[in-house]
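A structural walkthrough
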Amino acid sequence: LTSSVGGVCPVPDADTEAILGKLQHAYDVVKKADPRELTLDDHLVDDLELDSLDVIDLVSVLEDEFPSEVVDAVIDKSPEISTVRQLVEALADAS
């Protein structure tokens, strides 16, 4: 994996891969797009073109994938989250 600034990103661990898989599923449900398009370095708005309604739908799907307290903790951090990597890290931290 390479970062958007040309550096090498650490290899995702098993937890990150599992969370990314759940997030890819949620993205597929919300955007009806190939979930493999979603990568850790994608920007939620600029790259994935998620609008505010898409984010609400994404949260709804994530509520089926994670305990409500995890989703609530991520929602509290939402102003700080702009990339898939940040979302995955927030979900991992709250789990």
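Now for a look at the structure at hand. Being a predicted model, the structure only gives us computed values, none of them experimental.

**Some remarks on the nonpolar core**
Among the nonpolar cores identified, the biggest contains 25 residues, and Leu58 and Val84 are the most heavily contacted of them. Taken together, the elements giving at least two residues each to this core come down to α1 (14-31), α2 (52-65), α3 (68-77) and α4 (84-94). Not counting residues within four places of it along the chain, the set of residues in contact with valine 84 comprises Leu20, Leu23, Leu38, Thr39, Leu40, Asp42, Leu44 and Leu48.

**Here's the deal with the layout of surface pockets**
By volume, the largest pocket amounts to about 290 Å³. Residue lining of the largest pocket: 16 residues in total, with Leu44, Val55, Val59, Ser78 and Leu87 positioned closest to the centre. Among the secondary structure elements, those contributing two or more residues to the lining of the largest pocket are α2, α3 and α4. The biggest single contributor to the lining of the largest pocket is α2, with 4 residues. Its residues assigned to classes, the lining of the largest pocket comprises 13 nonpolar, 3 polar and no charged.

**Observations concerning the environment of aspartate 93**
Within the secondary structure, aspartate 93 sits in helix α4. Judged by its relative accessible area of 60%, aspartate 93 falls in the exposed class. With 19 residues separating them along the chain, aspartate 93 and valine 74 place their C-alpha atoms 8.9 Å apart.

**Focus: α2**
With 14 residues, α2 should reach 20 Å at 1.5 Å per residue; the first-to-last C-alpha distance of 20 Å fits that figure. Buried within α2 are the following residues: Asp54, Leu58, Val61 and Leu62. Taken around the axis of α2, the buried residues stretch over an arc of 105 degrees, which confines them to a single face. Of the residues in α2, the exposed ones pointing more than 90 degrees away from the buried face are Ser52, Leu53, Ile56 and Asp64. Of the surrounding elements, those touching the buried residues of α2 are α1, α3 and α4. The backbone nitrogen of leucine 53 has a side-chain oxygen 3.1 Å away, supplied by the residue at the start of α2, namely aspartate 51.

Cut-off values and rules
Residues numbered from 1 in each chain as written. Predicted model: local features only at pLDDT ≥ 70, side-chain atom pairs only at ≥ 80, totals over all residues. Heavy atoms only, no water. Core = buried A, V, L, I, M, F, W, Y, C linked by side-chain atoms within 4.5 Å. Buried < 20%, exposed > 50% of the residue type's maximum accessible area, 1.4 Å probe, protein only. Helix = DSSP H or I, 4+ residues; strand = E, 2+ residues; numbered from the N terminus. Contact = heavy atoms within 4.5 Å. 1 Å grid on protein atoms, 1.4 Å probe; cavity = no way out; pocket = protein on both sides within 12 Å on 5 of 7 lines; lining within 4 Å. Points joined across faces, edges and corners; volume = space filled by probe spheres on them. Nonpolar A, V, L, I, M, F, W, Y, C, P; charged D, E, K, R; others polar. Expected span 1.5 Å × (residues − 1). Arc of directions from axis to C-beta. Polar contact = N/O pair within 3.5 Å; in protein donor to acceptor, adjacent residues only side chain to side chain.

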